[in-house]
Amino acid sequence: RRFRFDASAIGPDDFAAVFAKIDGFQDTSDFDMMQLVAIWYGHRRDITPELRAAIEQRLLGFRYWFTDPLPAGVIDQKWFWSENHRIIFHTLEYLAGRALPDSTFAITGTTGRAEAADGRARVEAWLDEKATWGFSEWHSDVYYQEDIQALTLLTEFGERDVARRAAVMLDLFL
């Protein structure tokens, strides 16, 4: 509660490299998107309108899964299939859709409400899989931090039942 965030100290220029990576469909841009989702949910009322608009643009323009259409001429460099990337992409889709339920997402042409439903179903499937079979990237301290960050976002910003399941998974994980 004592943490103070000076939202006026940051603007879109501070995220230029991150935005370029996201806009360029580069690998690990999903890691960067988790930071933007955390800023959106935690501080969207505090940040400048320019930064808020820039983050919203990325939430609406991100490709959340490999089955989503690929814009003409784009080569998507993202890695979708590993354990950590899967929960990250699903978490991002779910939370971005919840953040902007009535907006149209550029890649799929669907509403945020539909994106949230797809993301939630995928999050729940991932949680079911891990509860049944355990983790496949075990003993990977590099990727565990990514899983933990995605599960923490779900715990903090997901609907109560999703948040509870994510918290239980964090308990098991840690």
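Scroll up for the structure.
Residue indices begin from 1 for each chain and proceed along its sequence in written order. In keeping with the predicted nature of the model, local features appear solely for residues at pLDDT of at least 70, side-chain atom pairs appear and are counted solely at 80 or more, and the whole-chain, interface and lining totals rest on all residues. Only hydrogens and water are set aside; all other atoms, that is, all heavy atoms of the structure, feed into the side-chain values.

A. Layout of the packing of helix α1 (residues 16–23) against helix α2 (residues 29–43). Axis angles are defined between N-to-C directions and span 0 to 180 degrees, where every axis is a line fitted to C-alpha atoms and, for a helix, only to the segment in contact. Only DSSP runs of H or I with at least four residues qualify as helices, and only runs of E with at least two residues qualify as strands; both kinds are numbered from the N terminus onward. In the contact formed by α1 and α2, the axes pass within 9 Å of each other and the chain directions differ by 125°. Between α1 and α2, the angle falls in the class oblique. In terms of crossing hand, the pair formed by α1 and α2 is left-handed. Counted together, Val18, Phe19, Lys21 and Ile22 of α1 and Ser29, Asp32, Met33 and Leu36 of α2 form the full contact between these two elements. Each residue is assigned to one of three groups, with Ala, Val, Leu, Ile, Met, Phe, Trp, Tyr, Cys and Pro labelled nonpolar, Asp, Glu, Lys and Arg labelled charged, and all others, Gly among them, labelled polar. Residues belonging to the contact of α1 with α2 are distributed by class as follows: 5 nonpolar, 1 polar and 2 charged. Roughly parallel here means an angle under 35 degrees, roughly antiparallel means over 145, roughly perpendicular means 65 to 115, and every remaining angle is called oblique. For any pair of crossing helices, the crossing counts as left-handed if the nearer helix is rotated counterclockwise from the farther one by less than a right angle, and right-handed if it is rotated clockwise. Note on contacts: a residue pair qualifies if any of its non-hydrogen atoms lie within 4.5 Å across the two residues.

B. Layout of the nonpolar core. Throughout, nonpolar core names a set of buried Ala, Val, Leu, Ile, Met, Phe, Trp, Tyr and Cys residues whose side chains join them through atoms within 4.5 Å. Whether a residue is buried, partly exposed or exposed follows from its accessible area with a 1.4 Å probe, protein chains only, as a fraction of its type maximum: under 20%, in between, or over 50%, in that order. Counting residues in hydrophobic clusters, the biggest one holds 45 residues, and the most contacted among them are Met33, Ile55, Leu59, Tyr64, Leu92, Leu151 and Leu154. Among the elements that line this core, the one with the most residues is α2, at 8 residues. Among all residues touching leucine 92, those that are not within four sequence positions of it are Asp30, Met33, Met34, Val37, Phe62 and Tyr64.

No statement about biological role is implied by the geometric values presented.
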